[in-house]
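# Chains, contacts and geometry: an overview
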Amino acid sequence: MTQALSKATYDGAVLGVSAPPTPGMLHLGIGNFHRAHAAVYTAKAMAAQGGDWGIVAVANRSRRVVDSLAGQGFLYSILELSSAGERVDVMDVHRETLVASEQTAELMARIASPEIKIVTMTISENGYCRNAVTGDLDVDGDLVSADLANPAAPRTSIGQLAGALIRRYQGDGGPLTILSCDNLVSAGHTAQKMVTQYLQATATPDGFHDWFEASVTFPNAMVDRIVPGTTDATRARVRELLGVTDAIPVPAERFSMWVIEDKFAAGRPAWEEGGAIFSDEVEAYELVKLRLLNGSHSLIAYLGGLSGADTIPASFGQDFVRECVTELLNVEYLPSIDLPSGFDPQAYIAQLFDRWSNHALGDATARVGSDGSLKLLQRVPDPALRLLNLGEMPQQLALMVAGWIACVAPPEGFDPGPIAAAMIEPAKEKLAAVTTGAGSVRAHVEKIMRGGFFPEALATHDEFVGRVAELVEIIITHGVRDAARTALDA
Ligand code: CS2
């Protein structure tokens, strides 16, 4: 039995630097991604230029990560895995922990406190409470309406941020930056819109809105690093390499990228020292990454799920998947983006091909295929409608939607297999409810398309919906390879 990782059992170096005792940042959503991304840039920034930028780590509901983090004296490890080899780094950048669902008042007070200058967040697409059809805050949805009725203890991150901002204004906490690190189009603007619409729907003190406009910024940002879930193999390898047991190690690829709009209301860490890029073209980078990487990732996941490939590299290693992705990238995605200046798309794509072939990392197909009802909204409608408006059928985007439906909401009688079954789909119940009594594959697909997951223009586009239905039909009757061939040959 090896000892647990702690300041007493680990006397090696940490990555970057240990954060000073007083945190200047607070992060909502202490999952693997944050711990292998913003946390790393922050440790490197402080090593280069100092600053009180330690992080308050906030979990939404689960105590698991924060309890381990606090129990290990805030140490945890990152296991970098690539074909070039592996390395392990120990991090020491968090300084406090909170659980939002249990300590809501403390959380809002902490965000309101003047020492906190930046709130970063990875709350996933779901956390923004955005109505998929209208693009506005889902004020009539159960979650937001419950929060508006109970402003003292909001449960959504948007409600918690809004409540905290009101307290910050009242307590003269000073300017604040809220930095979304989620995979959203115009992530900063989206966060700003949701928080603003929430604040418009709730009572605020006199003068608040002027202060909010002048003092709170929401920079856009593009975040990128493939960070799988932690497995027993991750824990075992870290134990071998460090000689102690880390309960919460994070596996990650070597590649990492962060492009941020330099719009900070109260200062920021020197993240450029960790390799972050400050740019005025962030929205272009966001589209590049969301479409070329994330969109293709979804296609790889659904084609993989339906063809028995349990990892992304296993799926991408199949010729038909590579062909579909190549078509998606070059024909359906690239022409839809005004590229950032000096950006070389083919070099980026070549790098993506390497990253998707990382067998050492072994990213799970089921991880990427999870939450499709939320992710596809960022990855499908705009580029699909662009082509449809030009009179062309986006075959691969239709295949992606067909793959998602076949994996997580299959028509009766079709079993997509164990990999698809492992995909977590938060809308499973809603999908089942909208499709009851469908009667035919076409009706099943139509009901899903109109079920509130996509904007009206796509949901009611007859040819697109028809194409998705045909492809689902082929997946059911002849298998996913035939469906892919049909989409490629069209
Ligand atoms: C993936 C992302 O979950 C997904 O759909 O595409 O988590 C992806 O690995 C990251 O965005 C990479 O930066």
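Given the structure is predicted, the values throughout are model-derived calculations rather than measurements.

A word on the environment of Val250. Tracing the backbone shows Val250 in strand β10 (residues 250–252). A sequence separation of 33 residues divides Val250 from Thr217, and the C-alpha atoms of the two residues are 30 Å apart.

Our next topic: the domain arrangement of the protein. What the domain assignment reports for the protein is domain 1 (23–278) and domain 2 (282–489). Computed from C-alpha atoms alone, the centre-to-centre distance between domain 1 and domain 2 is 28 Å. Contacts between the two partners involve 27 residues from domain 1 and, on the opposite side, 27 residues from domain 2. Looking at the side of domain 1 that touches domain 2, the elements that each hand over two or more residues are β3 (76–82), β9 (221–224) and β11 (257–260). Sorting elements by how many residues they give to the side of domain 1 that touches domain 2 places β9 first, with three residues. Its residues assigned to classes, the side of domain 1 that touches domain 2 shows 14 nonpolar, eight polar and five charged.

Let us now look at the sheet that holds strand β4 (residues 85–91). Paired through backbone hydrogen bonds, the strands of a sheet run either parallel or antiparallel to each other. If you walk across this open sheet you meet the three strands as β4-β3-β10, and the pairing is mixed. Two strands in the sheet have a free side with no partner beyond their single neighbour: β4 and β10. Neighbour-to-neighbour, the strand axes of the sheet open up by a mean angle of 20 degrees, direction not taken into account. One ladder, built from seven bridges, connects β3 with β4; its direction is antiparallel. Among the inter-strand pairings, Ser77 is bridged to a residue of β4, identified as Val90.

We now examine the site of the ligand. Close to the ligand lie Asn183, Asp224, Arg225, Ile226, Asn294, His297, Val368 and Lys375. Here the residues of the shell around the ligand sort into two nonpolar, three polar and three charged. Residues from two domains meet in the shell around the ligand; each of domain 1 (23–278) and domain 2 (282–489) gives at least three.

The rules we used
- Residues numbered from 1 in each chain as written.
- Predicted model: local features only at pLDDT ≥ 70, side-chain atom pairs only at ≥ 80, totals over all residues.
- Helix = DSSP H or I, 4+ residues; strand = E, 2+ residues; numbered from the N terminus.
- Domains from an automatic or database assignment.
- Contact = placed C-beta atoms within 7 Å.
- Nonpolar A, V, L, I, M, F, W, Y, C, P; charged D, E, K, R; others polar.
- Pairing = 2+ DSSP bridges.
- Axes fitted to C-alpha atoms, helices over the stretch in contact; angles between N-to-C directions.
- Near = placed C-beta within 6 Å.

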